[in-house]
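Chains, contacts and geometry: an overview
Each chain, letter by letter, is given below.
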Amino acid sequence: MTVRFVDLMAQWADVGDEVEAAVVHTLRRTDLVLGHDVERFEEELADYCEVAGAVGTDSGLSALELILRAYGVGPEDEVITAANTFIATALAISATGASPVLVDVDPRTYTIDPLLFEAAITERTKAVVPVHLYGQPAEMDSIRAIARRHGLVVVEDACQAHGARYRGRRAGSLGDAAAFSFYPSKNLGAYGDGGAIVSNDGALLDEVRLLRNYGQREKYRHEVRGFNHRLDTLQAAALRVKLCRLDGWNQARRERAAAYGQALRAIGIEPPHVVDDVEPVWHLFVIEVDERDARRQRMLEAGIDTGVHYPIPIHRQGAYADLRVAAGGYPITERAAQRLLSLPMYPQLPLDLIPVVVDALLASARPTSGALT
Ligand SMILES: *Cc1c(COP(=O)(O)O)cnc(C)c1O
């Protein structure tokens, strides 16, 4: 492979020594469940996100589920989210017993279309989960205004947007509460699974803190029926090291996105749309192309690994065969599933490989090289 899609070994070369020291330090203390590193990481993450508090969880999925449960979402309720997202967003809603209601996305940003969101609200709607897809925050001012008018809770799925800003404010501080994932390839990734809830709502933070740890504040006194969704302490030790690097890594992603943008415009391909007064963090660098699958294959043969986010929309998945699909379906999401192509993107991606990727992308438009003039 000439160009990897994501290269976690390059990241290890960057922070491995520090992560190793931090993890070994925690191992020696045998402080292995919640404890010092989880508490400190929660404080540091809350400061980073410019919110009142954070609660570590074992994944992004459980972070979303616990927020919804803490806000009282359950069977009989509907929760609206974007049709073009990772399945975890819908699964978190289903886990509470509520029904996910999908709405189509804005064709420029692939984030939830606020007008379609408003049109999908019913008496049963309890919450909306905008997804900051690919690292770009959703249209939060409109979403918040609509939600306030209808008395809905706003839960950000910020699992791809660690550090992004919207009108100057951090992703994670834009709704009632937000969920992050620390899956290894996310902008802030653990060495295994992890997640977090951040919020300015003290009562919400208190409730999810109970829910993630067997419903107990004090050992063996169980106030509510909780779960075990704690953030692993060794992961928290590693995440504390990596959080210090996040802004630098996001800056490196921005430089790579800018280089892609220039090279793509030069060959007549439109780079991803960036909304005014928004700072995306380029979790993924996603373009649209014709004949995506054939071109992906040709790029792979040329040594360039790419991705598709996402090839099968949620409403076409076996898991959601019983989902009520909106009248007219989801044309933007359907079209995107055929055309989206994610180019290699990670902070250590050598800048001189970007023209190599874009050349291979250009060449992939031709069935055999030299066949077209
Ligand atoms: C990664 C991701 C999640 C879920 O995160 P896990 O930690 O894998 O559970 C949820 N939503 C989106 C948009 C994601 O990208």
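Quick caveat: nothing in here was measured; it's all calculated off a predicted structure.

**As for the domain arrangement of the protein chain**
- Split into domains, the protein chain comes out as domain 1 (8-243) and domain 2 (246-363).
- With 46 residues of domain 1 at the contact, the number on the domain 2 side is 35 residues.
- At the boundary of domain 1 with domain 2, total buried surface from both sides reaches about 3500 Å², with 57% on carbon and sulfur atoms.
- Together, Leu 102, Tyr 134 and Asn 187 form the three largest contributors to the area buried by domain 1 at its contact with domain 2, with a combined 20%.
- If you look at where domain 1 meets domain 2, you find two salt bridges.
- When the shortest N-O distance is used, the salt bridge between Arg 324 and Glu 78 registers 3.3 Å.
- In this structure, the connection of domain 1 to domain 2 is made through 27 residue pairs in polar contact (both at pLDDT 80 or more).

**Digging into the side chain of Lys 242**
- Residue position: Lys 242 is located in helix H8 (residues 233-243).
- This buried residue, Lys 242, is left without a salt bridge; Asp 14 holds the nearest opposite charge, at 9.5 Å.
- A polar contact is formed between the side chain of Lys 242 and the side chain of Gln 11, at a distance of 2.7 Å.
- Not counting chain neighbours up to four residues away, the residues in contact with Lys 242 comprise Gln 11, Val 15, Val 19, Leu 188, Gly 189, Tyr 191 and Trp 249.

Calculation rules
- Residues numbered from 1 in each chain as written.
- Predicted model: local features only at pLDDT ≥ 70, side-chain atom pairs only at ≥ 80, totals over all residues.
- Heavy atoms only, no water.
- Domains from an automatic or database assignment.
- Contact = heavy atoms within 4.5 Å.
- Buried area = accessible area lost by both parts, 1.4 Å probe.
- Salt bridge = Lys/Arg side-chain N within 4 Å of Asp/Glu carboxyl O.
- Polar contact = N/O pair within 3.5 Å; in protein donor to acceptor, adjacent residues only side chain to side chain.
- Helix = DSSP H or I, 4+ residues; strand = E, 2+ residues; numbered from the N terminus.
- Buried < 20%, exposed > 50% of the residue type's maximum accessible area, 1.4 Å probe, protein only.
- Lys, Arg positive; Asp, Glu negative; His and termini not counted.

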